[in-house]
Amino acid sequence: MSVYGPVVKIHPVVLASICDSYERRNEGASRVIGTLLGTIDKHSVEVTNCFSVPHNESEDEVAVDMEFAKNMYELHKRVSPSEVIIGWYATGFDITEHSVLIHEYYSREAQNPIHLTVDTALQSGKMNIRAYVSAQMGVPGKTVGVMFTPLSVKYVYYDTERIGVDLLQRTRVSPNHSKGLTSDLSQVGGAASRIQDMLATVLAYIEDVLSGKVTADNSVGRFLMDLVNKVPTISAEDFETMLNSNINDLLMVTYLANLTQAQIALNEKLVLL
């Protein structure tokens with residue numbers, strides 16, 4: 001639970017990258033660390049990307065490849081200039097003494113960086129994800145310590161990331177925990193089915209309010225009014241024509257992509273002859 005600071009919003013690609021780096025860690029390594037990239041506003045910190053940083057640690061010391069971290073960040077800036085260093089992550093459940101030393105480095109790279117811990121070992125039976133911000137404590141002029149204060153963590157995703165999240169959800173009920181990607185038309189059909197279910201829920205709520213079974217909520221009414229006002233005024237014939245045109249465009253792009261893929265495969269075989 002947050003007691004201080006902004007809300008930390010984490011995207012699925014960040015968690016997937018952290019888990020992947022943990023699975024690919026060097027033999028004998030107990031944990032992996034890395035840099036968090038994203039954006040900052042007044043009320044939240046949004047983590048949109050990350051990369052692992054090589055390091056070695058023992059009971060007495062820790063060594064982090066700072067040069068590698070700087071080079072990787074420079075490469076990321078060329079692709080996504082809007083993403084800045086906002087903190088660092090570490091796999092594991094607890095904050096160690098070495099975490100304080102690593103956090104000091106990131107304090108020079110970012111103002112008030114966050115520290116994210118991901119329990120990839122599932123010590124509590126699930127993957128606990130926690131975010132912290134540091135604050136100095138102690139007597140002025142004397143020995144000063146560092147205290148890590150927890151922050152609220154929220155999981156968000158872009159529309160394009162929703163496809164991967166839905167696919168991962170379906171693997172939970174699959175017998176072999178694997179699931180293939182569906183076709184574009186299947187995704188459109190699934191989205192249409194979900195919209196129908198949501199509309200049915202809204203209609204049931206409205207009917208219950210009109211019949212007196214449910215007390216009217218002004219906030220829900222305002223949301224419904226905004227939803228209705230956003231729907232464009234268009235006839236059923238025009239909508240069907242527009243939908244068919246978009247589907248035809250989608251099929252054409254799919255056909256051209258498959259044709260290009262076939263030509264590339266044929267060219268590779270001809271080269272090897």
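Structure's up top.
For every chain, the first residue of the written sequence is number 1, and numbering continues from 1 onward in sequence order. A pLDDT threshold of at least 70 governs which residues receive local features in this predicted model, and a stricter bar of 80 or more applies before side-chain atom pairs are shown or counted, although totals over entire chains, interfaces and linings include all residues. Excluding hydrogens and water, the side-chain values take into account all heavy atoms of the structure.

Caption draft 1: View of the pairing of strand β7 (residues 114-118). Remark: exposure states derive from per-residue accessible area (1.4 Å probe, protein chains only) relative to the maximum for the residue type, with buried under 20%, exposed over 50%, and partly exposed in between. Helix and strand definitions here come from DSSP, where helices need a minimum of 4 consecutive H or I residues and strands a minimum of 2 consecutive E residues; each element is numbered from the N-terminal end. Burial runs high along β7: five of the five residues are buried. Burial along β7 is two-sided: I114, L116 and V118 and H115 and T117, pointing in opposite directions, are all buried. Direction of pairing for strand β6 (residues 84-91) relative to β7: parallel, over a ladder of five bridges. Bridge pairing in β7 places G87 opposite I114. DSSP bridges decide pairing: two strands pair if at least two such bridges lie between them.

Caption draft 2: How the structure looks around the pairing of β6. Among the eight residues of β6, seven are classified as buried, and the element is accordingly described as predominantly covered. A crossover connection joins β6 to the parallel β7 through helix α3 (residues 97-109); in handedness this β-α-β unit is right-handed. The crossover handedness rule: strands pointing away from the viewer, path from first strand over the helix to second strand clockwise, crossover right-handed.

Caption draft 3: Representation of the side chain of H76 within the structure. Of note, H76 is situated in helix α2 (residues 66-79). Assessed through its relative accessible area of 18%, H76 is described here as buried. Residue contacts for H76: discarding those within four places in its chain leaves L37, N49, C50 and F51. By the convention used here, residues are in contact when the closest approach between their heavy atoms is within 4.5 Å.

Caption draft 4: Inspection of a nonpolar patch on the surface at higher detail. Residues with no salt bridge and a relative accessible area higher than 30% make up the patches, which join like charges within 9 Å and nonpolar side chains (Val, Leu, Ile, Met, Phe, Trp, Tyr) within 5 Å. Here the open area of atoms and residues is found with the Shrake-Rupley method and a 1.4 Å probe, where only the protein chains shown may cover a residue. Each salt bridge in this description consists of a side-chain nitrogen of Lys or Arg and a carboxyl oxygen of Asp or Glu lying within 4 Å of one another. Residues I234, F239, M242 and L243 make up a contiguous nonpolar surface patch of about 350 Å² in total accessible area. For I234, a relative accessible area of 38% translates into the label partly exposed.

Caption draft 5: Highlighting the side chain of H103. Tracing the backbone through its elements, the reader meets H103 in helix α3. Under the relative-accessibility criterion, H103 is labelled buried at 3%. Polar contacts, as counted here, are pairs of nitrogen or oxygen atoms within 3.5 Å of one another; within protein the pair requires one atom able to donate a hydrogen and one able to accept it, and residues that are adjacent in sequence qualify only if both atoms are side-chain atoms. A polar contact of 3.0 Å, which involves the side chain of H103, links it to the side chain of W88. Within polar-contact distance, the side chain of H103 engages the side chain of S134 at 3.0 Å. The contact partners of H103, leaving out residues within four places of it in the chain, are W88, P113, I114, H115, S134 and F148.

Caption draft 6: Local environment of helix α4 (residues 159-171). Along α4, the positions that sit buried rather than exposed are E161, D166, L167 and T171. Along its buried surface, α4 packs onto α1 (12-23).

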